[in-house]
Amino acid sequence: MNPFREDLVSRSRPEPCSIVIFGATGDLTHRKLVPALYNLAVDGELPTGVRIIGFARRDKSDEEFRSGLEELNKKVSRSGHDDEVWSHLAENIFYHKSEFNDADGYKSLAERLDQIDEERGGKGNRLFYIASAPEFFDDILIQLKNAGLNEAKDGCWARVIVEKPFGTDLATAKHLNEVVNSTFHESATYRIDHYLGKETAQNLMVLRFANAIFEPLWNSRYISHMQITCAENLGMEGGRGGYYEKSGALRDMVQNHLLQLLSLVAMEPPTDLSADGVRDEKVKVIRSLRQWDTPEKVAENVVRAQYTAGHVDGKEVLGYRQEDRVSPESDTEAYVAVRLLIDTWRWSGVPFYIRMGKQLPKKSTEISVHFKDAPNVLFGALTGGVPGGNVLVIRIQPDEGISLRMVSKIPGTSLRLEPVKMDFHYSTSFGKGSPEAYERLLLDAIAGDATLFARRDEVEEAWRFIDHIEHAWHQSDNPPPMAEYVAGSWGPKEADDLIKKDGHDWRRL
Amino acid sequence: MIQDLSDIGMEVPVSGIEKELRNLWAQDEARTNASLMNLVIYSEKKGSLAENSAFIRCLTQDHACRAILVEIDRSIEEKSLRAWITTHCHLANGKKSICCEQVAFHLTGRVTGRFRNTVFSHLDSDLPLVFWWQGELSDIFTERLASVIDRLIVDSSSWEQPAATFDRLTEAMEASSKLILQDLAWTRTWQFRVGVAGLFDDPVAQAALPKMESIRIVHHPKHRNCALQLLAWLSIQAGWNPTAKPEKGATKFSFAAKGGEIAIVLEADPNSAALGELVMSAGETTVSLKCNKESGMVLRKIESPMYHASSVSPADPEPATELIALQLSRGGKNSLFKKILPRFRELLS
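Residues numbered from 1 in each chain as written. Chains lettered and ligands numbered in written order. Predicted model: local features only at pLDDT ≥ 70, side-chain atom pairs only at ≥ 80, totals over all residues.

Enquirer: Would you mind going over the sheet that holds strand S13 (residues 364–371) of chain A in detail, with residue names and values included?
Expert: Residue and element names in this part refer to chain A. With respect to topology, nine strands assemble into an open sheet ordered S16-S15-S14-S13-S7-S12-S11-S8-S17, the strand pairing being mixed. Each edge of the open sheet carries a strand with a single partner, namely strand S16 (417–425) and strand S17 (482–486). Pairwise comparison of adjacent strand axes, ignoring direction, gives a mean angle of 20° for this sheet. With six bridges joining them, S13 and strand S14 (residues 391–397) adopt antiparallel strand pairing. Considered in S14, the bridge of Glu-366 is made with Arg-395. Seen against the sheet, helix H7 (residues 199–209) touches S14 and strand S15 (401–409) and runs at an angle of roughly 150° to S14. (Pairing = 2+ DSSP bridges. Helix = DSSP H or I, 4+ residues; strand = E, 2+ residues; numbered from the N terminus. Axes fitted to C-alpha atoms, helices over the stretch in contact; angles between N-to-C directions. Contact = placed C-beta atoms within 7 Å.)

Structure follows, in structure tokens:
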């Protein structure tokens, strides 16, 4: 027990540890993980005694590894680059060369970690970050177990962070979870979803449960429907087509990020803020999703589409099937819109709509809560009537913030109503920049707080829902058609029809 | 006399402040008015309005507020009250102009009641009142004034008689339970406290804590209160008790701990940062923090014969204005300061 910790920070205590990053020569390590650790050091939040060991297959010395990291940190670190902070961090960065399936490489890693632990007085906490390509997950986990690295020493801990994708369907997710859980206990497993590290995503619970005005309205009696939109104004630049062809919009974004947001916005109040308290409620939402388990139901509730050539941000762009590393006969969706129903008392009859697409007009991720109209008794007869209901918008990125649309009288002698917007922007209300999602999540993992990480049952329940759709698309005799939209538009007409069937429209972003 | 009026805006009649502010907004629709709090800066120093206006210009980049600047000239007997308004605008995301309002008052003559009423009638409703009292606490600071303040910022390092002033503040805090007292001397210890906490997460340092033998704190002569507050915090958190009542201005202290007596030395060094160094020695283990003024970093170290660990963290800034910006970012109820305050006052007396 450290008596000096009291009241310094309202979060779990991060402890000194050795962080082993598998796939250390990759983009994620260079662009996200090490800059995140650097920024934590700049803010004085990284515990003294943290060692970073990069594990990868390429031949590199410690010094080469450090200088590569430094070069990119100078370009991408949100707080700039300070040589003094970097030199202290760099002293604690090491490189360990090994194939992912080479048992000897793990034995020598264990020896190296033991040596570090010994220097630290015989104790050692270990955090393994699997940032490699997914095909190596199994090998890495099995080898960690064989080398005994999954076992924490007395009074210490050993944890693993697994990057997405957590499988490509329910069967592979279950397999991966079995391999993970046969190596690390579920409580020591941290499945990272960087959307949950974003400030607004974290603020969702605060908005709902710390403000007395929202929660009483947060149900089918007052809410007409909700929309979750993730729009991207990029296509398959930088060779992303190869990866995307194997995943598609549904598996790449909806299964993880967007269903996580859905669970946060739709869950019941947790009994407490413990990791399992929150995750118990989140998983209930996913478990309560009505399953679209026949091709007919999928055709009725899900739209998939690919973009054709068009213009985005004034630039001419190719159609999806003409993109680099994309098959001209591709049946991978670059856009998906899903109508979801949550079969709970609270949400009975309230549709939730999720849409995600590439090459849309702008980059934006948001949740919009559409309230039912006020009774049409007083103002219904006015010219123009009442212009729409109240909409609460939670912007996840960019320009994180919250806005509320309400109806107001336009000044003048006649009675005319127009919508007005109250807007809260994180960037203008709080000058202090939000930490990068990876900073928060890495610190949480070091501190043993799994609240913002996905649990096994959440992942599997999400795959159960997604698998029905994937099966209808790719394995049924009568697959729902692939729609098209012009790049730079807001998606296919079929998606507009999907939401119009319920009498609603997509929110104009 | 007011020294420089160029930066505090347009002079307006006191009765027309709100109307003139509305006019100011009406001139340009592209601007957004942002406010998270009322920030009052009170000073009895001549020329403070211009200085504080410059400070608000910087502060509002990070902390949207309605700023109310007050300068009182008590050397002039004749009653007067003048007011100026302006906005401080900053570009956000390269396009939106985010602005904060500032109202500046200059008062002369007998001011107690007038000052209070003037300030209170221009607060933005429903937003907390943060009150930065610059310099010595004069008789204008009353319990009635304290009762409406949410967060009172002072800098005890600038006081001639800190013990007596803390007596008054303690009374005010007892009378107003919502009042949060924020001494900038305490804020200046932040990175050292975070550093100590971080170092004692390490098992080697943790093992050394019960064997603590001596502590040395180096501080700037102007910032003895920082050193005493750090010492008060260390002793309260670790459960050490003074073996004797310290003399006024003492530089040596002795604390009783479970492992024996701990000798503490305070060293004033004019070349030091507010807090220059903290060295905690326990047998062969030394836990230390050293502030490098030039680089603005604090070097944290644990040294024992078999083990050496070090890291750096940012140092606390020296200027009060930067400290306040940081303090406002951290927020909180400052309950730890309340906890250590009695021990600090004991060491101070």
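Enquirer: Let's hear about the UniProt feature "binding site: NADP(+)" (unreviewed entry) in chain A: which residues, and what values?
Expert: Residues and elements named next belong to chain A. In the UniProt entry, the feature "binding site: NADP(+)" (unreviewed entry) is given for Arg-57, Glu-99, Phe-100 and Lys-164. One can find Arg-57 in the loop between strand S2 (51–56) and helix H2 (62–76). With sequence-adjacent residues up to four places away left out, Arg-57 is seen in contact with Glu-99 and Phe-100. On the secondary structure map, Phe-100 appears in the loop between strand S3 (93–97) and helix H4 (103–119). (UniProt positions renumbered as here; feature names shortened; annotations may be inferred.)

Enquirer: Tell me about the UniProt feature "binding site: substrate" (unreviewed entry) in chain A, and name the residues and values.
Expert: Residues and elements named next belong to chain A. As annotated in UniProt, the feature "binding site: substrate" (unreviewed entry) corresponds to His-194, Lys-198, Glu-232, Asp-252, Lys-358 and Lys-363 in the numbering used here. Here His-194 is to be found in the loop between strand S6 (189–191) and H7. Overall, His-194 belongs to the partly exposed group, with 18 C-beta atoms counted inside 10 Å. Those residues in contact with His-194 that sit more than four places away from it in its chain are Ala-437, Tyr-438 and Leu-441. With respect to the helices and strands, Lys-363 occurs in the loop between strand S12 (351–357) and S13. Judged by C-beta crowding, with 14 C-beta atoms within 10 Å, Lys-363 ranks as partly exposed. Excluding residues within four positions of it along the chain, Lys-363 makes contact with Ala-231, Glu-232, Asn-233 and Pro-398. (Buried ≥ 20, exposed ≤ 12 C-beta atoms within 10 Å, placed from the backbone.)

Enquirer: I'd like a rundown of the interface of chain A and chain B, residues and numbers included.
Expert: Chain A puts 29 residues into the contact, and the matching count from chain B is 38 residues. Among the secondary structure elements, those contributing two or more residues to the side of chain A that touches chain B are helix H1 (27–42), helix H3 (83–91) and helix H11 (426–429) of chain A. Broken down by class, the residue content of the side of chain A that touches chain B amounts to eight nonpolar, 10 polar and 11 charged. (Nonpolar A, V, L, I, M, F, W, Y, C, P; charged D, E, K, R; others polar.)

Enquirer: Which residues make up the domain arrangement of chain B, and what values do they have?
Expert: Residues and elements named next belong to chain B. If you check the domain split of chain B, you get domain 1 (10–184) and domain 2 (187–316 + 336–348). Taken over C-alpha atoms, the centre of domain 1 sits 35 Å from the centre of domain 2. Contributions of two or more residues to the side of domain 1 that touches domain 2 are made by helix H5 (162–175) and strand S9 (180–183). For the side of domain 1 that touches domain 2, the per-class residue count stands at five nonpolar, three polar and one charged. (Domains from an automatic or database assignment.)

Enquirer: Which residues make up the environment of B:Val298, and what values do they have?
Expert: Residues and elements named next belong to chain B. Along the chain, Val-298 falls in strand S16 (residues 297–304). Once the C-alpha coordinates of Val-298 and Gly-260 are considered, the two residues, 38 residues apart in sequence, prove to be 29 Å apart. The contacts of Val-298, once residues within four sequence positions are left out, are Gln-191, Gly-195, Leu-289, Lys-290, Cys-291, Val-312, Ser-313 and Ala-315.

Enquirer: How would you sum up the packing of H1(A) against H2(A)? Please name residues and give values.
Expert: All names here are of chain A. The contact between H1 and H2 brings their axes to 9 Å, and the two run at 80°. It follows that H1 is roughly perpendicular to H2 by the angle criterion. Contacts between H1 and H2 involve His-30, Arg-31, Val-34, Pro-35 and Tyr-38 on the former and, on the latter, Gly-68, Leu-69, Leu-72, Asn-73 and Val-76. In terms of residue class, the contact of H1 with H2 is built from six nonpolar, three polar and one charged. (Parallel < 35°, antiparallel > 145°, perpendicular 65-115°, else oblique.)

Enquirer: Now, about the domain arrangement of chain A: what can you tell me, with residues and values included?
Expert: Residue and element names in this part refer to chain A. Considered domain by domain, chain A is made up of domain 1 (3–163) and domain 2 (196–500). Measuring from the centre of the C-alpha atoms in domain 1 to the corresponding centre in domain 2 gives 34 Å. Those elements giving two or more residues to the side of domain 1 that touches domain 2 turn out to be H1 and strand S5 (158–162). No other element matches the six residues that H1 contributes to the side of domain 1 that touches domain 2. Within the side of domain 1 that touches domain 2, the residues separate by chemical class into nine nonpolar, two polar and seven charged.

Enquirer: Describe the pairing of strand S3 (residues 37–43) of chain B, listing the residues and the values that go with them.
Expert: Residue and element names in this part refer to chain B. Across the seven residues that make up S3, a large majority, five, are buried. Across seven bridges, the pairing between S3 and strand S4 (residues 65–73) is parallel. Pairing of Met-37 across the sheet is with Cys-65, part of S4. Since S3 and S4 lie parallel, the crossover through helix H2 (residues 48–59) that links them has a hand, and here it is right-handed. Pairing of S3 with strand S7 (residues 129–133), which is carried by five bridges, proceeds in the parallel orientation. In the strand pairing of S7, Ile-41 is matched with Trp-132. (Right-handed = clockwise from strand over helix to strand, strands pointing away.)

Enquirer: Residues and numbers for the confidence of the model for chain B, please.
Expert: All names here are of chain B. On average, chain B scores 88 in pLDDT, and the residues at 70 or more come to 95%. The spread of mean pLDDT over the elements of chain B runs between strand S2 (residues 31–33), the lowest at 69, and strand S10 (residues 214–219), the highest at 97. The complex model carries a pTM of 0.79, and its ipTM stands at 0.83. (pLDDT = per-residue confidence, 0-100.)

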